[in-house]
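The primary structure of each chain is shown beneath.
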Amino acid sequence: MGGNKGGRASVVPSIVKQALAVNRRPFPWLKAFSAGLAASLPIIIGLLFGNLEYGLIAALGGFTYLYVFNIPYAQRAKKLFFVVLGMMLVTALGTVAAPYPLAVAVLMGLIGAIVIFIFGALRIAGPSAIFFVLVFSMTTGMPVDPGEVLLRAGLVFLGGSLSWIIAMIGWFFDPHGPEKDVIKRVYFELAAFLDSVGTEENATARQRMMSVLHEADETLAAGYISWRETEIFKRLYVLKDHANTIFMYALDNFSESREKLPPELGDTIRGFAVSIDQKKGESVSGKILQPNEMDENVSRLFAKIYDADAIMNEPTGKINQAIQISKLSPKTIFGGAFDKNSIVFITSLRFGFVTMIAAIIAFQLDLERSYWVPLSCVAVMSGATIISTYNRAIQRALGTVIGILVASLILAMHPSGYLIAFLILILTSITELFIVKNYGLAALFFTPNALLMAESTTQGSYNFAYFASARIVDVIIGILIGLIGVWLIGRKSASSRLPHLITKTVRSQAQLLLVLFSNQGEGFQARESRELRKMRTNLTNLETLYQTASGEIPVNRKSLDYYWPVTFSITQLGYLLEDCAKATERPVLSDEALAQLLYVCEMMANAAIRKRSPSIKNIPEIEGFPSIQKYLLKLQKALQMDRNVTL
């Protein structure tokens, strides 16, 4: 009992330390300036036309740019277009619902829940629901006039469209920049993986390699346009496939090796990765000396690496590999996330409910500008885990309190006209610079930015002391509601669902094994099969669930230490099965071998749900795919349970 109390007590200083930590990511200068431009330009245009109010409303659409990330331009265009439509819709809803406090509270919860669900299901990076709720809230705080619904929505649409244009300008200079970046990372991780062979870092490097290959698949699928196959895209696609070929060869031949590979292998691949950015390919095969002595497997590995160098410099006409893109349909993705055991679904319900309660409490307390309470609640709950939620609370509290004081000083000067536009440009840019460093630092600048926009659109009277104290009280109330809501509803929701989802995922892998290595008749495409789609969905949900469980408070460290190798083995097995589904030729196993495979998988699935250790069973040999056999055995061993561990 005493040890447990000590463990819990140590959590508090650890959380505070994490919340105040500043990471070492580089400042995104270009994105920061572009975000400031997207927020301030609508105001400048409004001033040029003699209407500051319209410019400020259009600037709400400028929040669209904050959803820009380094994703393919084809995907970016679609994503931002729907963000613009969403901003326009919440503006219309806020204008119409403003006279009805209860409707505002309910809609705020619904908007938050729906956006959290969509972003979570699609695994979209970005600020998720916070700016949709912010725009809705700020609209409800404007002078009540439902008759202006079309005008306000139209202005926000115009501001968002301007952000869309700014975000897409890079396409004219480097239309496949994001795809190049991910392929470069694939080869850098491949070099790190080969360097790790024979060391204790091999398992971690292997996991990173599989993860970046999966990311590359998703990135290329997102950037693929069927009616516009450019030579650059085709070359990148072939390079990704070849990186996978090298990785699978190394996995099959060196995964159990205790000896390190020649360092020239990693050096060659790193040199090649750097050359991907060059306009004209420059061969690196002649720059790296091979070791004087090497065995046949290492020699073949060198040959495969030099093949990648040849692909980079191959004339376009000789690259005749067909592009085969496989991705889950939105229906499949949302169907998999819309499940009672899906952490995405559970999180979205919790988010919407707590936001709604925060809004109702704020209205009942009759607070002026009461929407700052649910906004603070939303900002706190936007953390991916319970620990990150507590980090957000500390960061939000410190950053916002200081930010409110800064905002009070700015508003005390009664800024107007172009000064407002300039301040919003500066504050938005600084926010984007610091959001990659620490959320609290970003809140310090985002808070006065949002308050400046909100107070300028409402045109109300201003009193320094009253304003500062009222906003600080609002923020503290919102933070407390968010923390209490997350603690009461979600503190153990992820870890309690791990056994069920592990069982479900293993069974889906068993179904995929059956269709991969049995005769399914002519014309069967494993990469388009229902079984593969089901396994992908379960793997995505399992990875998200484990990450969420690792951030719970209190955390059962022994339980997580047990589930980590299990999740790790399932994830890697899933990657191997998906890679196998792309193969044109696969062995057809005998009925006995297939029956044994299904038996082994069902034994593991039953052991997981019953929290028991499965007995180690023989795994049939799968010709041409030895790694699948190895990882099935590893999964059996990972599921062996220590009697001292309570799950």
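Residues numbered from 1 in each chain as written. Predicted model: local features only at pLDDT ≥ 70, side-chain atom pairs only at ≥ 80, totals over all residues. Heavy atoms only, no water.

Trainee: Any chance you could explain the overall build of the protein chain here in plain terms?
Mentor: Scanning the protein chain for helices and strands turns up 24 helices and zero strands. Contacts spanning at least 24 positions in sequence make up 81% of the contacts within the protein chain whose residues lie at least 6 apart. Here the protein chain displays about 29300 Å² of accessible surface, and carbon together with sulfur accounts for 60% of that area. (Helix = DSSP H or I, 4+ residues; strand = E, 2+ residues; numbered from the N terminus. Contact = heavy atoms within 4.5 Å. Areas by Shrake-Rupley, 256 points an atom, 1.4 Å probe, with all protein chains shown as cover.)

Trainee: Teacher, can you tell me more about the confidence of the model for the protein chain here?
Mentor: Caution applies to low-pLDDT parts of the model: their predicted coordinates are not meant to be read in detail. Looking at the protein chain, the pLDDT average stands at 83 and 86% of residues meet or exceed 70. The least confident element of the protein chain, judged by mean pLDDT, is helix H1 (residues 2-20) at 50; the most confident is helix H7 (residues 149-168) at 96. The low-confidence segment residues 1-9, where pLDDT is below 50, has one contact with residues more than four positions distant or belonging to other chains. (pLDDT = per-residue confidence, 0-100.)

Trainee: Even after reading the chapter, I still don't get the side chain of Thr 428, so can you show me in this structure?
Mentor: In this fold, Thr 428 is placed in helix H17 (residues 418-435). In contact with Thr 428, other than residues within four places in its own chain, are Ala 35, Gly 36, Ala 39 and Asn 449.

Trainee: So what exactly am I meant to see when it comes to a nonpolar patch on the surface here?
Mentor: A cluster of nonpolar residues, Phe 81, Phe 82, Trp 164, Ile 165, Ile 169, Trp 171, Phe 172 and Phe 173, forms a patch on the protein surface that exposes about 900 Å² of accessible area. Among the elements of the structure, helix H4 (73-97) and H7 are those that each provide at least two residues to the nonpolar patch. Within the secondary structure, Ile 165 sits in helix H7. The class of Ile 165 is partly exposed, set by a relative accessible area of 47%. (Patch = residues over 30% accessible without salt bridge, like charges linked within 9 Å, V, L, I, M, F, W, Y side chains within 5 Å. Salt bridge = Lys/Arg side-chain N within 4 Å of Asp/Glu carboxyl O. Buried < 20%, exposed > 50% of the residue type's maximum accessible area, 1.4 Å probe, protein only.)

Trainee: What is the right way to look at H7 in this model?
Mentor: Every α-helix winds through 3.6 residues per turn, so residues three or four apart in the chain are directed the same way. Helix length check: H7, at 20 residues, gives a terminal C-alpha distance of 28 Å against a target of 28 Å (1.5 Å per residue), a fit within 8%. Of the residues making up H7, those classed as buried are Val 149, Arg 152, Ala 153, Leu 155, Val 156, Gly 159, Gly 160, Leu 162, Ser 163, Ile 166, Ala 167 and Met 168. Its buried side turned inward, H7 meets helix H2 (29-48), helix H3 (52-60), H4 and helix H6 (130-140). (Expected span 1.5 Å × (residues − 1).)

Trainee: Sorry, what's going on with empty space enclosed by the protein here?
Mentor: Counted under the stated rule, the structure contains five cavities of 30 Å³ or more. Its volume calculated, the second largest cavity comes out at about 60 Å³. Lining of the second largest cavity is provided by Ala 35, Ala 39, Gly 62, Phe 63, Tyr 65, Leu 66, Thr 428, Thr 431, Glu 432, Phe 446 and Asn 449. At the level of secondary structure, the elements contributing two or more residues to the lining of the second largest cavity comprise H2, H17 and helix H18 (439-458). A per-element tally of the lining of the second largest cavity places H17 first, with three residues. Of the residues contributing to the lining of the second largest cavity, the split by class is six nonpolar, four polar and one charged. (1 Å grid on protein atoms, 1.4 Å probe; cavity = no way out; pocket = protein on both sides within 12 Å on 5 of 7 lines; lining within 4 Å. Points joined across faces, edges and corners; volume = space filled by probe spheres on them. Nonpolar A, V, L, I, M, F, W, Y, C, P; charged D, E, K, R; others polar.)

Trainee: Would you explain the packing of aromatic side chains in this entry?
Mentor: This model, assessed by the stated rule, comprises 25 aromatic pairs. Between Phe 81 and Phe 82, the ring centres sit 5.7 Å apart and the planes meet at 65°, which makes this aromatic pair edge-to-face. You can call Phe 82 exposed: its relative accessible area is 55%. Ring centres of Phe 302 and Tyr 306 lie 6.0 Å apart, and the angle between their planes is 40°; this geometry places the pair in the tilted category. Here Tyr 306 and Phe 302 lie together in helix H12 (residues 296-313), a separation of four residues that amounts to about one turn. For Phe 302, a relative accessible area of 1% corresponds to the buried category. By relative accessible area, Tyr 306 is classed as buried at 19%. Connected via pairs of aromatic rings, a cluster forms that spans Phe 63, Tyr 67, Phe 119, Phe 131, Phe 132 and Phe 446. Positioned above the aromatic ring of Tyr 631, the side-chain terminus of Lys 634 is 4.5 Å from the ring centre. (Phe/Tyr/Trp six-rings, centres within 6.5 Å; stacked < 30°, edge-to-face > 60°. Lys NZ or Arg CZ within 6 Å of the ring centre and 35° of its normal.)

Trainee: Looking at this structure, how should I read unusual backbone geometry?
Mentor: Although it is not a glycine, Ser 128 sits at a positive phi angle of roughly 55°. As for its position among the elements, Ser 128 is in the loop between helix H5 (101-122) and H6. With a relative accessible area of 12%, Ser 128 lands in the buried category. Although it is not a glycine, His 414 adopts a positive phi angle of roughly 50°.

Trainee: Is there a simple way to explain the environment of Ser 34 in this structure?
Mentor: Following the sequence through the fold, Ser 34 ends up in helix H2. Placed 32 residues apart in sequence, Ser 34 and Leu 66 show a C-alpha to C-alpha distance of 9.5 Å. Ignoring sequence-local partners within four residues, the contact set of Ser 34 consists of Tyr 65 and Ile 166.

Trainee: Just to check I follow, could you spell out the nonpolar core for this structure?
Mentor: One finds Tyr 187, Phe 247, Phe 517 and Ile 628 to be the most contacted residues of the largest nonpolar core, which totals 98 residues. With 13 residues, the top contributor of residues to this core is helix H10 (residues 231-254). Discounting residues that sit within four places of it in the chain, Phe 517 has contacts with Cys 580, Arg 586, Pro 587, Val 588, Leu 589, Leu 594, Ile 622, Phe 625 and Ile 628. Of all hydrophobic cores here, the second largest spans 76 residues; its members include Ile 43, Ala 59, Tyr 67 and Ala 362. (Core = buried A, V, L, I, M, F, W, Y, C linked by side-chain atoms within 4.5 Å.)

Trainee: Which parts of the structure should I look at to understand the packing of helix H9 (residues 202-223) against H10?
Mentor: Packed helices, taken two at a time, are described by the angle their axes make and the gap between the axes. At a minimum axis distance of 11 Å, the contact between H9 and H10 shows a crossing angle of 155°. Accordingly, the angle class assigned to the pair H9 and H10 is roughly antiparallel. Crossing handedness for the pair H9 and H10: left-handed. From H9, Arg 206, Met 209, Met 210, Leu 213, Ala 216, Asp 217, Leu 220 and Gly 223 reach across to H10, where they touch Phe 233, Leu 236, Tyr 237, Lys 240, Asn 244, Phe 247 and Leu 251. Here the residues of the contact of H9 with H10 are counted per class, giving 10 nonpolar, two polar and three charged. (Axes fitted to C-alpha atoms, helices over the stretch in contact; angles between N-to-C directions. Parallel < 35°, antiparallel > 145°, perpendicular 65-115°, else oblique. Left-handed = near helix turned anticlockwise from the far one by under 90°.)

Trainee: Hey, could you run me through the environment of Leu 265 in this one?
Mentor: Looking at the element boundaries, Leu 265 is found in helix H11 (residues 263-275). With relative accessibility at 0%, the residue Leu 265 sits in the buried group. Residues Leu 265 and Phe 302, spaced 37 residues apart in sequence, show a C-alpha to C-alpha distance of 6.8 Å.

Trainee: I tried to follow the pattern of salt bridges on my own but got confused; where do I start?
Mentor: Side chains that carry opposite charge are capable of pairing whenever their charged atoms lie near each other. Applying the stated rule across the entire model yields 15 salt bridges. For Arg 208, the salt bridge goes to Glu 189, with nearest N and O atoms at 3.1 Å. With Arg 208 in helix H9 and Glu 189 in helix H8 (residues 177-196), this residue pair connects regions lying 19 residues apart in the sequence. On the basis of relative accessible area, Arg 208 is assigned to the partly exposed category, the value being 38%. Its salt-bridge partner being Glu 602, residue Arg 507 comes within 2.8 Å of it at the nearest N-O pair. Taken together, the residues span a long stretch of sequence, with Arg 507 in helix H20 (residues 498-516) and Glu 602 in helix H23 (residues 591-610) at a distance of 95 residues. Given a relative accessible area of 33%, Arg 507 falls into the partly exposed group. Salt bridges here are not isolated pairs; linked through shared partners, they connect Asp 217, Lys 240, Asp 241 and Lys 582.

Trainee: Any chance you could explain the side chain of Thr 537 here in plain terms?
Mentor: Within the fold, Thr 537 resides in helix H21 (residues 530-549). When sequence neighbours within four positions are dropped, the list of residues in contact with Thr 537 reads Leu 328, Thr 332 and Gly 336.

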